[in-house]
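# Observations on the three-dimensional arrangement
Here's the letter readout for the chains.
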Amino acid sequence: MSNQCGPYVQMGTLAEQMAGRYQMDANLALDSHLSHYMDEVAVNVAADSFDHVGFMNNIRDRLKLTLASTISPRRREFLDAVVIALQERIDRYPLGR
């Protein structure tokens, strides 16, 4: 996968879009919104055999860049939660897969 394309690009875009929805809708709960996103990550990881840790690292790295330029506190809250959740999943990922 290159830095310009790959499934992680779409997942990064999805996280950014979901952050926008979270930012605009005060009724959205962080936990359930984050869970929905991480379910999408799980679907992608289960769909094929490729470098899953690299996939999640690429999403996380992109979102860290987005987070650095994000001003809205609610948008930052969601993106930061995604970055943390991705790192936790990476840390739990079985070695050798």
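Refer to the structure presented above.
A quick note: this is a predicted structure, and the numbers were derived from the prediction, not measured. (Residues numbered from 1 in each chain as written. Predicted model: local features only at pLDDT ≥ 70, side-chain atom pairs only at ≥ 80, totals over all residues. Heavy atoms only, no water.)

### Considering the overall build of the protein chain
A count of helical and extended segments in the protein chain gives four helices and zero strands. The secondary structure elements of the protein chain, listed N-terminal to C-terminal, are α-α-α-α. Here the protein chain has a C-alpha radius of gyration of 13 Å; the compact-globule value for 97 residues is 13 Å, and the two agree. By principal-axis analysis of the C-alpha atoms, the protein chain measures approximately 40 × 25 × 20 Å. Taking as baseline every contact in the protein chain between residues at least 6 positions apart, the subset at least 24 positions apart corresponds to 67%. Summing over all exposed atoms, the protein chain offers an accessible surface of approximately 5,700 Å²; the carbon and sulfur share of this is 52%. Here the protein chain contributes 10 positive and 12 negative side-chain charges, whose respective centroids are spaced 3 Å apart. (Helix = DSSP H or I, 4+ residues; strand = E, 2+ residues; numbered from the N terminus. Rg over C-alpha atoms; globule rule 2.2 N^0.38 Å. Contact = heavy atoms within 4.5 Å. Areas by Shrake-Rupley, 256 points an atom, 1.4 Å probe, with all protein chains shown as cover. Lys, Arg positive; Asp, Glu negative; His and termini not counted. Charge placed at Lys NZ, Arg CZ, Asp CG, Glu CD.)

### Points about the environment of D61
Along the chain, D61 turns up in helix α3 (residues 52-68). Note on D61: relative accessible area 35%, which makes it partly exposed. Considered as a pair, D61 and G12 are 49 residues apart in the sequence and their alpha carbons are 9.3 Å apart. (Buried < 20%, exposed > 50% of the residue type's maximum accessible area, 1.4 Å probe, protein only.)

### A short note on the pattern of salt bridges
Summed over the entire model, instances satisfying the criterion amount to two salt bridges. The salt bridge involving D61 is made with R60; its shortest N-O contact spans 2.9 Å. You can call R60 buried: its relative accessible area is 11%. (Salt bridge = Lys/Arg side-chain N within 4 Å of Asp/Glu carboxyl O.)

### Some details on helix α1 (residues 7-24)
Here α1 spans 26 Å end to end across 18 residues, near enough to the 26 Å set by a 1.5 Å rise per residue. If you check which residues of α1 are buried, you get Y8, M11, G12, A15, E16, M18, A19, G20 and Y22. Tucked into the core, α1 has its buried residues touching α2 (30-47), α3 and α4 (73-92). (Expected span 1.5 Å × (residues − 1).)

### Here we look at the environment of P94
Among the structural elements, P94 can be located in the segment after α4. Since its relative accessible area comes to 38%, P94 is described here as partly exposed. Between the C-alpha atoms of P94 and T66, which are 28 residues apart in sequence, the distance is 28 Å.

### Looking at the packing of α2 against α4
Interhelical geometry of α2 versus α4 gives an angle of 45° and a closest axis separation of 10 Å. Accordingly, the angle class assigned to the pair α2 and α4 is oblique. Note on packing geometry: the crossing formed by α2 with α4 is right-handed. Each of L30, H33, L34, Y37, M38, V41, A42 and V45 in α2 lies in contact with α4, whose residues at this interface are E77, F78, A81, V82, A85, L86 and R89. (Axes fitted to C-alpha atoms, helices over the stretch in contact; angles between N-to-C directions. Parallel < 35°, antiparallel > 145°, perpendicular 65-115°, else oblique. Left-handed = near helix turned anticlockwise from the far one by under 90°.)

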